[in-house]
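Observations on the three-dimensional arrangement
As a plain string of letters, each chain reads:
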Amino acid sequence: MSRKTKDRLTQAAVYGSAGLTVVILVLIIGFIVIRGLPGINLSFLTRSWEDETTYILLDTDLTEDAIQAGTIDELGVTLTEDETGLLVENLDSDSPLKSASNIQGDPFEVKTGDYITRATEEDNGQLRLRVERPGGGIVPMLVTTIYMILLSLLVAAPIGIFSAVYLIEYAKPGKIMTLIHFAIENLAGIPSIIYGLFGCLFFVRVCHFQYSLLAGALTLSIMLLPTIITTTEESLKAIPRTYRESSLGLGATKLQTVTKVVLPNALPGILVAVLLAMGRIVGESAALLLTAGTVASIPTALWGNAASGATLTIKMYTLMKEENDLTTACAIGIVLLVIVIVLNFASKMITKKLMSKKGE
């Protein structure tokens, strides 16, 4: 076989592999978008998952019989009746329903799309309305995902970065270093479900955190350490040795050299490590299924009964496994794809900007 033929075959293999990768990516994204796009709407992006029922009190002369389908000028509202109740179709800007209070006295704004399902006259002359707000939105899962990202990085990023700095700048080569790197490599290869089992046994049961935000975040923090340490190490290794020698030659201490010379120049790579970790948090499900729980609510504590919450990926899993709701699962998949794309774009932009400043 001639050299020219070999070059053509190699070129064909390269182009074929690249083309196949593009086709697979288009098929995956296309399938998710086509199946999930019908489920994307404003309510899906802005509402809670579960239906909410709230009782509000109004100071008005209206009777309960007056709350019926049609336009109620005194309340500045237009109601339409269906099988659920009276649907709020339109609200005037000065409607008293927008400045109503619940029975605890907290402000509650009635919105378009809410239902009024019951009206009762109170002894003190007030009108009590039961307002139901339909669910079906991803707000609780989205907020839980953001909480999980912030808490996991708060734990994993400092430990991972400082560990990488120690291993590159301070630790001496030897058996201990070899053992440490061996452990890091093996941690990176452990399946996420194993991390989940460990988190369930240790954080949930031994530490009594229960299924909570903290148990999930600590489990993810352990998972993220190999990625952050390895990527940060590569960034530190890329800094020329002459930078360190020049700094030390000018009388700077080792700590000053690391903090003033090495870390600023390695910052783009460190940010990439953090963004890669964020991407893994967004896409993780197995470990969180065993540590954070599957409740579609916003956690109000770090641990305990009020700290359980499902992320976007966990909700996708439960929708497919328990409800067989492919459309909503794919709609959540679109949101995840957007988040991942934004993270990748942000990573490239930040790196490019930092590199341009470094070049100046």
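Cut-offs used in this document
Residues numbered from 1 in each chain as written. Predicted model: local features only at pLDDT ≥ 70, side-chain atom pairs only at ≥ 80, totals over all residues. Heavy atoms only, no water. Helix = DSSP H or I, 4+ residues; strand = E, 2+ residues; numbered from the N terminus. Buried < 20%, exposed > 50% of the residue type's maximum accessible area, 1.4 Å probe, protein only. Areas by Shrake-Rupley, 256 points an atom, 1.4 Å probe, with all protein chains shown as cover. UniProt positions renumbered as here; feature names shortened; annotations may be inferred. Expected span 1.5 Å × (residues − 1). Pairing = 2+ DSSP bridges. Lys, Arg positive; Asp, Glu negative; His and termini not counted. Salt bridge = Lys/Arg side-chain N within 4 Å of Asp/Glu carboxyl O. Contact = heavy atoms within 4.5 Å. Patch = residues over 30% accessible without salt bridge, like charges linked within 9 Å, V, L, I, M, F, W, Y side chains within 5 Å. Charge placed at Lys NZ, Arg CZ, Asp CG, Glu CD. 1 Å grid on protein atoms, 1.4 Å probe; cavity = no way out; pocket = protein on both sides within 12 Å on 5 of 7 lines; lining within 4 Å. Points joined across faces, edges and corners; volume = space filled by probe spheres on them. Nonpolar A, V, L, I, M, F, W, Y, C, P; charged D, E, K, R; others polar.

**A short note on the overall build of the chain**
From N to C terminus, the chain includes 11 helices and 8 strands. Reported as C-alpha extents along the three principal axes, the dimensions of the chain are approximately 85 × 60 × 45 Å. Buried positions account for 39% of the 360 residues belonging to the chain. When the accessible surface of the chain is split by element, carbon and sulfur atoms take 62% of a total near 20400 Å².

**Brief notes about the UniProt feature "transmembrane region" (unreviewed entry) in the chain**
UniProt annotation of "transmembrane region" (unreviewed entry) refers to residues 12–34, 138–168, 180–204, 211–229, 261–279 and 326–346 when read in the numbering used here. Taken end to end, residues 326–346 is 100% helix and 0% strand, and its two terminal C-alpha atoms sit 30 Å from one another.

**Section: helix α10 (residues 312–323)**
End to end, α10 covers 15 Å across 12 residues, agreeing with the expected 16 Å (1.5 Å per residue, within 8%). Along α10, the residues classified as buried are Leu312, Thr313, Ile314, Lys315, Thr318 and Leu319. Positive backbone phi, at 55°, marks Asn324, one or two positions downstream of α10.

**What about the pairing of strand β7 (residues 115–121)?**
Here strand β4 (residues 86–91) pairs with β7 via 2 bridges, running antiparallel. Counted as the bridge partner of Leu86 is Ile116 from β7. Relative to strand β8 (residues 127–133), β7 is paired through 6 bridges, and the arrangement is antiparallel. Counted as the bridge partner of Thr120 is Arg128 from β8. Between β7 and β8, which pair antiparallel in sequence order, lie 5 residues; one of them, Gly125, sits at a positive phi of approximately 90°.

**Here we look at the side chain of Arg47**
Take Arg47: it is sitting in the loop between α2 (42–46) and β1 (52–58). Buried charge without a partner: Arg47 forms no salt bridge, and the closest opposite charge is Asp114, 4.7 Å away. Sequence-distant contacts of Arg47, that is, excluding residues within four places in its chain, are made with Thr112, Gly113, Pro134, Gly135, Gly137, Ile138, Val139 and Pro140.

**Regarding the pairing of β8**
For β8, a buried count of 5 out of 7 residues is recorded, marking the element as mostly surrounded by other parts of the structure. Examined bridge by bridge, β1 and β8 share 7 bridges and lie antiparallel to one another. By the bridge assignment for β8, Leu58 is matched with Leu127.

**Things to note about a negative patch on the surface**
A contiguous patch of negative charge, built from Asp61, Asp73, Glu74, Asp92 and Asp94, is present on the exposed surface. The exposed category is assigned to Glu74, whose relative accessible area is 53%.

**Topic: the layout of surface pockets**
As a volume, the largest pocket reaches approximately 260 Å³. What lines the largest pocket is a set of 17 residues, among which Gly279, Leu336, Val340, Leu343 and Asn344 lie closest to the centre. Only α1 (3–36), α8 (254–283) and α11 (326–359) provide two or more residues apiece to the lining of the largest pocket. Top contributing element to the lining of the largest pocket by residue count: α11, with 7 residues. Residue composition of the lining of the largest pocket, grouped by class: 12 nonpolar, 5 polar and no charged. Estimates place the volume of the second largest pocket at around 210 Å³. Lining the second largest pocket, in full, are Leu42, Ser43, Thr46, Arg47, Ser48, Glu52, Lys111, Thr112, Asp114 and Arg133. Partitioning the lining of the second largest pocket into residue classes produces 1 nonpolar, 4 polar and 5 charged.

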